[in-house]
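Observations on the model geometry
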Amino acid sequence: MTAPEAEPRLALDPARTALVLVDLMDRIVGLPLEPRKGPELLSVAEELARSFRAVDAPVVLIRVERSGVPEQPPGSGLVAGLAADGDIEIVKRTIGGFQGTGLDERLRERGVRTLVFGGIATNLGVESTARAAGDLGYDLVFVEDAMAALTAPEHEAAVALNFPRLGTVVTSPEVHFTAG
């Protein structure tokens, strides 16, 4: 007997939902990540971004820059080919993506109420950005297979203990949009 195919756990309104991808930069994607490596995570994130763009839902790409240095380290830009015309690109200088970036205003002017998260590191940049978003009143969705951390226990603690308290944890096949 085979298990029935999983039904989608949520249906997102593309007019009110944005994808938020955190720190998908060459120097970070190339780190020794767990429970999946950077290229695997990147593949899932790119597919999510394509699905959001296909329904005209915003895609937010956040990257970090170090403050007080004359030049950013090599690999500090977004992974080549990740950004597309119309995406919202945010440069952060803290762990999270909201502090001092104007992200909240840019999302609110588009009517966004739900944020779907992926990126690196699960327990740092993603979680910090999500906590701030929760404090600002957004509904949160976490795509487990679109995230990784420096260790599997760090990733697993965020996904199993913290994220369920903040929002809904899903895998990429469970991300679906309501019919328009």
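Right above here is the structure, for reference.
Conventions and cut-offs
- Residues numbered from 1 in each chain as written.
- Predicted model: local features only at pLDDT ≥ 70, side-chain atom pairs only at ≥ 80, totals over all residues.
- Heavy atoms only, no water.
- Salt bridge = Lys/Arg side-chain N within 4 Å of Asp/Glu carboxyl O.
- Helix = DSSP H or I, 4+ residues; strand = E, 2+ residues; numbered from the N terminus.
- Buried < 20%, exposed > 50% of the residue type's maximum accessible area, 1.4 Å probe, protein only.
- Pairing = 2+ DSSP bridges.
- Right-handed = clockwise from strand over helix to strand, strands pointing away.
- Core = buried A, V, L, I, M, F, W, Y, C linked by side-chain atoms within 4.5 Å.
- Expected span 1.5 Å × (residues − 1).
- Arc of directions from axis to C-beta.

**Considering the pattern of salt bridges**
Summed over the entire model, instances satisfying the criterion amount to 10 salt bridges. Glu47 is the partner of Arg50 in a salt bridge, and the nearest nitrogen-oxygen pair spans 2.9 Å. Linking Arg50 with Glu47, this pair stays in helix α2 (residues 38–54), spanning three residues, or about one helical turn. Residue classification places Arg50 among the partly exposed positions, given a relative accessible area of 45%. The shortest N-O distance in the salt bridge between Glu127 and Arg131 comes to 2.7 Å. Separated by four residues within a single helix, Glu127 and Arg131 lie in helix α4 (residues 122–135), roughly one turn from each other.

**Considering the pairing of strand β6 (residues 139–148)**
Burial within β6 is extensive, with nine of its 10 residues counted as buried. Relative to β6, strand β5 (residues 114–120) runs parallel, the two being bridged by six bridges. Its bridge partner lying in β6, Phe117 is registered against Phe142. On the question of chirality, the crossover connecting β5 to the parallel β6 by way of α4 is right-handed.

**Focus: unusual backbone geometry**
Pro35 follows Glu34 through a cis peptide bond whose omega is 0°. Of note, Pro35 is situated in the loop between α1 (26–29) and α2. Omega for the peptide link from Ile120 to Ala121 comes to -10°, which places this bond in the cis form. Looking at the secondary structure, you find Ala121 in the loop between β5 and α4. The backbone of Asp23 sits at a positive phi, close to 55°, despite the residue not being glycine. Structurally, Asp23 is set in the loop between β2 (17–22) and α1.

**With respect to the nonpolar core**
Within the largest apolar cluster, 33 residues are counted, with the highest numbers of intra-cluster contacts made by Leu19, Leu24, Phe52 and Ile120. Of all the secondary structure elements, the ones that give two or more residues to this core are β1 (10–12), β2, α1, α2, β3 (59–64), β5 and β6. In terms of residues, this core owes the most to one element, α2, which gives seven residues.

**Some thoughts on α2**
The terminal C-alpha atoms of α2, which comprises 17 residues, lie 24 Å apart, in line with the 24 Å expected from a rise of 1.5 Å per residue. When α2 is considered as a whole, its buried residues turn out to be Gly38, Leu41, Leu42, Val44, Ala45, Leu48, Ala49 and Phe52. The arc enclosing the buried residues of α2, seen along the axis, measures out at 165°, which places them on a common side. The outward face of α2, more than 90 degrees from its buried face, is lined by the exposed residues Pro39 and Ala54.

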